[in-house]
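Structural features, examined
Here are the chains, one letter per residue:
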Amino acid sequence: MSSRSRSRTRAIAAALALALLAGASAHAQIPTLGDSSDMTASTERKLGERIARELYRDPDYIDDPILDEYVRGIWSRLLAAARTRGELTAELDERFAWQVLLGKDRSINAFALPGGWLGLHLGLVSVTATRDELASVLAHELSHVTQRHISRLMTQEKRQAPWVIGAMILGALAASKNPEAANALVTGGQALAMQNQLNFSRDMEREADRIGYGVLTQAGFEPQGFVAMFDKLQQASRLNDNGSFPYLRTHPMTTERSADMQSRQQLAARSGGAPAADLVHAMMVGRSRVLSNPGVDVLRGYVNDSQADAAMQPASARQATALYAAALASAKLRDATAARRLAGTLADLVRGDAEPARVASLLVAEIALEAGEPAQALALAEAPATARPEMLFASQARIARGRPAEAAQRLQTWVALHPRDAQAWQLLARAHAAQGQQLRAIRAEAEAQVAHLDYEAALDRFKAAQELARRGTRAPGDHIEASIIDSRARQVESLLREQALQR
Ligand SMILES: [Zn+2]
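About the thresholds
Residues numbered from 1 in each chain as written. Predicted model: local features only at pLDDT ≥ 70, side-chain atom pairs only at ≥ 80, totals over all residues. Heavy atoms only, no water. Helix = DSSP H or I, 4+ residues; strand = E, 2+ residues; numbered from the N terminus. Buried < 20%, exposed > 50% of the residue type's maximum accessible area, 1.4 Å probe, protein only. Contact = heavy atoms within 4.5 Å. Salt bridge = Lys/Arg side-chain N within 4 Å of Asp/Glu carboxyl O. Expected span 1.5 Å × (residues − 1). Core = buried A, V, L, I, M, F, W, Y, C linked by side-chain atoms within 4.5 Å. Polar contact = N/O pair within 3.5 Å; in protein donor to acceptor, adjacent residues only side chain to side chain. Phe/Tyr/Trp six-rings, centres within 6.5 Å; stacked < 30°, edge-to-face > 60°. Axes fitted to C-alpha atoms, helices over the stretch in contact; angles between N-to-C directions. Parallel < 35°, antiparallel > 145°, perpendicular 65-115°, else oblique. Left-handed = near helix turned anticlockwise from the far one by under 90°. Nonpolar A, V, L, I, M, F, W, Y, C, P; charged D, E, K, R; others polar.

**So, the environment of A97**
- Within the fold, A97 resides in the loop between α4 (90-95) and β2 (99-103).
- Since its relative accessible area comes to 16%, A97 is described here as buried.
- In this structure the C-alpha to C-alpha distance between A97 and R45, which are 52 residues apart in sequence, comes to 7.4 Å.
- Once you skip the residues sitting within four places of it in the chain, A97 turns out to touch R45, G115, G116 and W117.

**Side note on the pattern of salt bridges**
- Considering all chains together, one arrives at 31 salt bridges under this definition.
- In this structure, D278 engages R131 in a salt bridge whose closest nitrogen and oxygen atoms are separated by 3.7 Å. A residue pair is termed long-range when its members are at least 10 positions apart, and D278 in the loop between α14 (255-268) and α15 (279-291) and R131 in helix α6 (residues 131-146) qualify at 147 residues.
- Owing to a relative accessible area of 24%, D278 belongs among the partly exposed residues under this scheme.
- Here R131 falls in the partly exposed class, since its relative accessible area comes to 27%.
- Through salt bridges with shared partners, a single ionic network connects D63, D68, R72, R388 and D421.

**Let's talk about helix α21 (residues 388-400)**
- Spanning 13 residues, α21 covers 18 Å between terminal C-alpha atoms, matching the ideal 18 Å at 1.5 Å per step.
- Of all 13 residues making up α21, eleven are buried, and the element is well covered by its neighbours.
- Looking at α21, one finds that the buried residues are R388, P389, E390, M391, L392, F393, A394, S395, A397, R398 and I399.
- On its buried face, α21 sits against α3 (65-84), α19 (354-370), α20 (374-381), α22 (404-417) and α23 (422-434).

**Re the nonpolar core**
- Among the nonpolar cores identified, the biggest contains 121 residues, and L78, W98, L120, L138 and L346 are the most heavily contacted of them.
- With ten residues, the top contributor of residues to this core is α3.
- Each residue touching L346, except ones within four places of it in the same chain, is listed here: M283, A320, L323, Y324, A360 and L363.

**Details of the side chain of E49**
- On the secondary structure map, E49 appears in helix α2 (residues 41-57).
- Given a relative accessible area of 17%, E49 falls into the buried group.
- Not counting residues within four places of it along the chain, the set of residues in contact with E49 comprises W117, L453 and Y455.

**A word on the environment of W75**
- For W75, the position within the fold is in helix α3.
- For the pair W75 and L142, spaced 67 residues apart in sequence, the C-alpha separation works out to 8.8 Å.
- Beyond its immediate stretch of four places on either side in the chain, W75 contacts W98, Q99, V100, L118, L138 and L142.
- At 3.1 Å, the side chain of W75 and the backbone oxygen of W98 are in polar contact.

**Brief notes about the packing of aromatic side chains**
- Going through the model one piece at a time under the given rule, you end up with three aromatic pairs.
- Note on Y56 and Y61: the rings are 5.1 Å apart at their centroids and 85° apart in plane angle, and the pair reads as edge-to-face. Both residues of the pair, Y56 and Y61, count as buried.
- On the numbers, 5.7 Å between centres and 45° between planes, the contact of F96 with W98 is tilted. Pair check on accessibility: F96 and W98 agree, each one buried.

**What to know about α23**
- A rise of 1.5 Å per residue sets the reference length of α23, with its 13 residues, at 18 Å; its end C-alpha atoms lie 18 Å apart and thus fit the reference within 8%.
- Among the residues of α23, A422, Q423, A424, W425, L427, L428, A429, A431 and H432 are the ones counted as buried.
- Buried residues in α23 make contact with α3, α21, α22 and α24 (438-451).
- Measuring from the backbone nitrogen of Q423 back to the side-chain oxygen at the start of α23 gives 3.3 Å, which picks out D421 as the cap.
- Directly after α23, the chain includes G436, whose backbone phi takes a positive value near 75°.

**Some remarks on the packing of α21 against α23**
- Between α21 and α23, whose axes approach to 10 Å, the crossing angle comes to 15°. With respect to each other, α21 and α23 are oriented roughly parallel. As for the relative orientation of α21 and α23, their crossing is left-handed in sense. Side by side, α21 and α23 meet where R388, L392, S395, Q396 and I399 of the first sit next to Q423, A424, L427, R430 and A431 of the second.
- Among the residues making up the contact of α21 with α23, the classes are represented as five nonpolar, three polar and two charged.

Here it is as structure tokens:
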């Protein structure tokens with residue numbers, strides 16, 4: 001555990017302890033969440049924003065354009081299916097965030113948060129064999145949100161102020177990451193009782209299974225995924241009781257639930273045996289394994305594993321995972337030659353199959369970029385500028401090649417359509433800075449903070465930009481930029497005031 005995340009756990013522990021101390025008396029002075037009804041969607045969304053803001057700040061948070069696009073693709077199909085089936089109401093659709101945040105953690109975990117945010121650890125992605133398995137976990141968590149299970153839990157806690165509940169949830173998340181720290185900080189019956197109230201009931205779990213199963217199949221995923229994932233998690237829970245499977249603690253894998261799923265699957269009676277090898281999923285598994293921060297020895301292990309068997313046509317899923325992990329692991333170990341060779345072998349292997357070929361080609365581009373060869377990266381990533389990974393890679397390559405104006409132009413178009421894309425704003429800041437446009441660079445940095453809901457940090461950057469504008473030295477067009485900055489600063493100030501009122 002790094003000292004950064006240690007101090008972070010301590011900060012959360014302090015917040016939790018404070019929350020627990022305040023718990024007994026807080027409801028006397030602090031406004032409550034609601035009356036007798038469930039928490040409203042907008043209150044839940046605001047609570048979710050507080051928690052999401054902390055997750056964005058967590059050193060384990062990762063915005064990986066490739067995994068993000070992959071997970072988002074599955075997630076949006078599930079959302080569309082939930083809409084069709086009437087599980088996702090127009091009100092929740094509109095008010096909630098419906099975003100999946102990825103964590104580099106190796107633990108097998110996925111969790112629904114208030115307001116339509118979902119946390120997904122790369123450790124969970126790493127152990128899935130098919131896209132359908134991953135989709136089944138997401139469908140289950142999605143159903144906890146659409147069925148308002150979270151709002152029901154929060155309603156039980158309605159005597160608590162929102163920030164107290166937020167601190168409790170963050171405390172529980174920190175605890176699931178680090179069981180030792182959790183044991184040290186959660187002492188006394190009151191603390192445990194409060195954390196237990198944050199767990200879903202058996203009935204809620206059954207409902208999330210049932211609704212999730214319907215959403216999964218409606219979205220066109222194989223129901224086999226649900227059963228396979230259950231079996232996998234159940235096996236893992238038997239083998240491993242040391243706390244590294246926090247998903248299992250909040251989602252008890254009972255034989256009953258598994259049997260229920262199996263009978264449901266037989267009813268669905270889909271034919272066709274084992275699902276076809278899904279090479280894209282196999283490569284995403286390889287990527288998750290390498291990006292979930294394993295040690296150097298594990299990375300070397302991935303490189304060696306890939307050399308154990310020769311590449312054979314047609315590509316098997318196992319081979320695609322092994323080669324992808326080996327190529328990316330070599331890049332992380334700064335062995336550019338091996339990385340290029342392995343990625344090249346992978347690209348040859350999947351050539352002719354459009355989707356897998358694109359993923360392999362993005363890996364080659366990424367390796368070229370990391371090896372300091374932006375021209376090659378640009379040639380590979382330039383084509384479809386409407387896809388996020390290509391757009392981000394090509395922008396990095398253009399900046400590295402000394403063409404920041406071109407990068408800025410494309411990034412500006414992108415953020416106009418996707419204003420919550422923090423990584424694009426950060427790259428835009430770099431592209432502006434590379435052209436000596438300080439004012440625009442600072443504003444882009446501020447927008448990146450807004451995208452991650454950190455309004456304090458954003459206001460800090462906006463004020464720095466206003467200060468710079470006052471001091472003179474203006475580039476062409478800066479007077480327009482300065483007035484945009486003034487109005488954005490006012491908007492963010494009012495968001496901050498609103499947050500302060502909710503305390
Ligand atoms: Zn659940």
